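# Descriptive analysis of the structure
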Amino acid sequence: MANGQTLRVGMVGAGFVARFQARAMTEVRGMELSGVVAPEGAPELQAYAKQTGLGPCTIYPSVTEMAKHVDAIAIYCPNFARLAVMEEIVAAVKAGAELKGLICEKPLARNVAEAKRMVALAKEANLKTAYFENQIHMKPIKAALAQLAPQQRTMGPMSLTRSSEEHGGPHMGWFWDPTRQGGGVLCDMGCHSIAVGWYALTPLGKPITFLQPIAVNAEIALLKWGLPYWREKLLKDRGVDYSKTPGEDFATGMITYKNPETGQIVKAQFTNSWMFEKQGLRLFMDGMGPGYAFEVNTLISPLNVFIGDVAAEAVADQEAALEKATASRGLLAVQYNEADLYGYTDENEDARNAFLEGRDGLLPLSYGLEITKLVTAAYMSADMKKTIDLTDPQVQKELDTYIPLVQQGRGKEVLYVG
Ligand SMILES: NC(=O)c1ccc[n+]([C@@H]2O[C@H](COP(=O)([O-])OP(=O)(O)OC[C@H]3O[C@@H](n4cnc5c(N)ncnc54)[C@H](O)[C@@H]3O)[C@@H](O)[C@H]2O)c1
């Protein structure tokens, strides 16, 4: 397992996820944060890397420059900047930069055309890749599948999964802007829930895309942030006007898969929202097969703290307790190692081992493209108010160029704005 070697990583972007990933990297042996390129946040990330001994985290003026000094580049910048960054990386490799690997955070892209371009560019530069879908690497998911392996072997595979990721809304304006981000919560978080649902359904020992997606049915809605009070707050706080270009704050749907060997039909339901009114982020997954089941709920922690009204003023940092925390008093769940719980630690370890051994991570960029197709099909279903038949070659062709109405800035045609 490439023991004793170190993978030197350069990050593009130094915001929320870059900080989370840096924290995760401190838990992985043989990873160094060598460099960063970002218009904002780079000095803070560098200070963190130095303080934790994670690496020098040299601030580079460009991706081209950084590529000469690192083993792998991790794309942690906003969705709208992905392709330009990827093109610069590929040009740097063609000019002689010796990269062992490329990491790209979810979502791979805003639509199928962009995702295909990302995959093609990686191929052009002969890059080993890792698409970072952290939820597939979650220890609770791995443990559930390992625990239930004997039951799966004797009783047969799982037939239903339900996955959701929900919180009260993103931390930066660009996430709320459907044209820059790619949509609303379906593009931002549906990609997670769709991926983990598909993964948990996959029979033991089979490749990650073994189950064939055959149909997608989905709905999107604007349930909270289109109402006047919340719309105005969004405009004031994040600079995004949902009276003109709304994105969905709720999405739900069902994906049907077929086992190509047995013909068995299995289903994965997903639900995502930015209007979740609980303590903070909740990931919920469950799955069931004949005679067995699992359930994961990240709001249940072995650690609770209580903060009474008289002491509430003294709260230090609610986000240090839980991602997207919305309350600072009462009985609060604390997840003291979210980077590990949500799978960031394990996805970094997977990428480190894969790149040092000269192969792709568990989830290559081509897997990210499959997820982009499913997310786009879900938007297509919501836009057209019908089930999308993925076995129809014509539909597959349409997906290649489909831009969801919300992403086009035409969300008002499908969402209610109060
Ligand atoms: N896995 C997860 O659960 C998870 C969580 C949060 C974010 N993400 C993903 O990570 C990506 C970044 O999100 P974030 O929350 O960190 O955003 P953010 O806005 O907090 O940070 C973005 C960073 O990228 C930098 N940046 C902007 N344009 C750039 C460019 N052209 N080149 C280089 N750097 C640029 C910004 O200065 C900032 O440092 C998004 O694609 C998002 O979907 C994933």
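Here the structure is a predicted model, which is why all the values come from computation and not from measurement.

What counts and what doesn't
- Residues numbered from 1 in each chain as written.
- Predicted model: local features only at pLDDT ≥ 70, side-chain atom pairs only at ≥ 80, totals over all residues.
- Helix = DSSP H or I, 4+ residues; strand = E, 2+ residues; numbered from the N terminus.
- Rg over C-alpha atoms; globule rule 2.2 N^0.38 Å.
- Buried ≥ 20, exposed ≤ 12 C-beta atoms within 10 Å, placed from the backbone.
- Contact = placed C-beta atoms within 7 Å.
- Pairing = 2+ DSSP bridges.
- Axes fitted to C-alpha atoms, helices over the stretch in contact; angles between N-to-C directions.
- Near = placed C-beta within 6 Å.
- Nonpolar A, V, L, I, M, F, W, Y, C, P; charged D, E, K, R; others polar.
- Core = buried A, V, L, I, M, F, W, Y, C linked by C-beta atoms within 7 Å.
- Domains from an automatic or database assignment.

Let's shift gears to the overall build of the protein. In terms of helices and strands, the protein carries 15 helices and 15 strands. Rg of the C-alpha trace for the protein: 21 Å, near the compact-globule value of 22 Å for 418 residues, within the 12% margin. Dimensions of the protein, computed from C-alpha atoms along their principal axes, come out at roughly 60 × 50 × 45 Å. When each of the 418 residues of the protein is scored for burial, the buried share is 50%. Partitioning the contacts of the protein with sequence separation of at least 6, the portion at a separation of at least 24 is 78%.

Moving on, we get to the sheet that holds strand 1 (residues 7–12). Here 6 strands make up an open sheet; going across it, the order is 3-2-1-4-5-6 and the pairing parallel. Of all the strands in the sheet, the pair left with one neighbour each is strand 3 (58–59) and strand 6 (129–132). The sheet contacts of helix 13 (residues 344–356) involve strand 1, strand 2 (31–37), strand 4 (72–75), strand 5 (101–105) and strand 6, and relative to strand 6 the element is tilted by about 170°. Sheet strands touched by helix 14 (residues 365–384): strand 5 and strand 6. Its angle to strand 6, the strand with the most contacts, is close to 35°.

Near the ligand you find 22 residues, and of these G13, G15, F16, E40 and C77 are the closest. Element by element, the count of residues in the shell around the ligand is highest for helix 1 (residues 16–25), at 3 residues. Broken down by class, the residue content of the shell around the ligand amounts to 14 nonpolar, 5 polar and 3 charged.

This part takes up the nonpolar core. The biggest cluster of nonpolar side chains holds 122 residues, and the ones touching the most others in it are A72 and I73. Examining the composition of this core, we find that 12 residues originate from one element, helix 10 (residues 185–201), more than from any other. Filtering out sequence-adjacent residues up to four positions away, I73 remains in contact with G10, V12, A67, I89, L99 and L102.

Moving on, we come to the domain arrangement of the protein. Partitioning the protein into structural domains gives domain 1 (7–134 + 344–364) and domain 2 (136–337 + 372–413). Across the contact, 19 residues belong to domain 1 and 23 residues belong to domain 2. Class assignment of the residues belonging to the side of domain 1 that touches domain 2 gives a composition of 10 nonpolar, 3 polar and 6 charged.

Right, let's talk about the sheet that holds strand 10 (residues 265–273) for a bit. The 7 strands are arranged 12-11-7-10-9-8-15 in an open sheet whose pairing can be described as mixed. Bordering the open sheet on either side are strand 12 (292–297) and strand 15 (388–389), each of which pairs with just one other strand. The pairing of strand 11 (residues 282–289) with strand 12 spans 6 bridges and is antiparallel. If you follow G289 over to strand 12, its bridge partner there is Y292.

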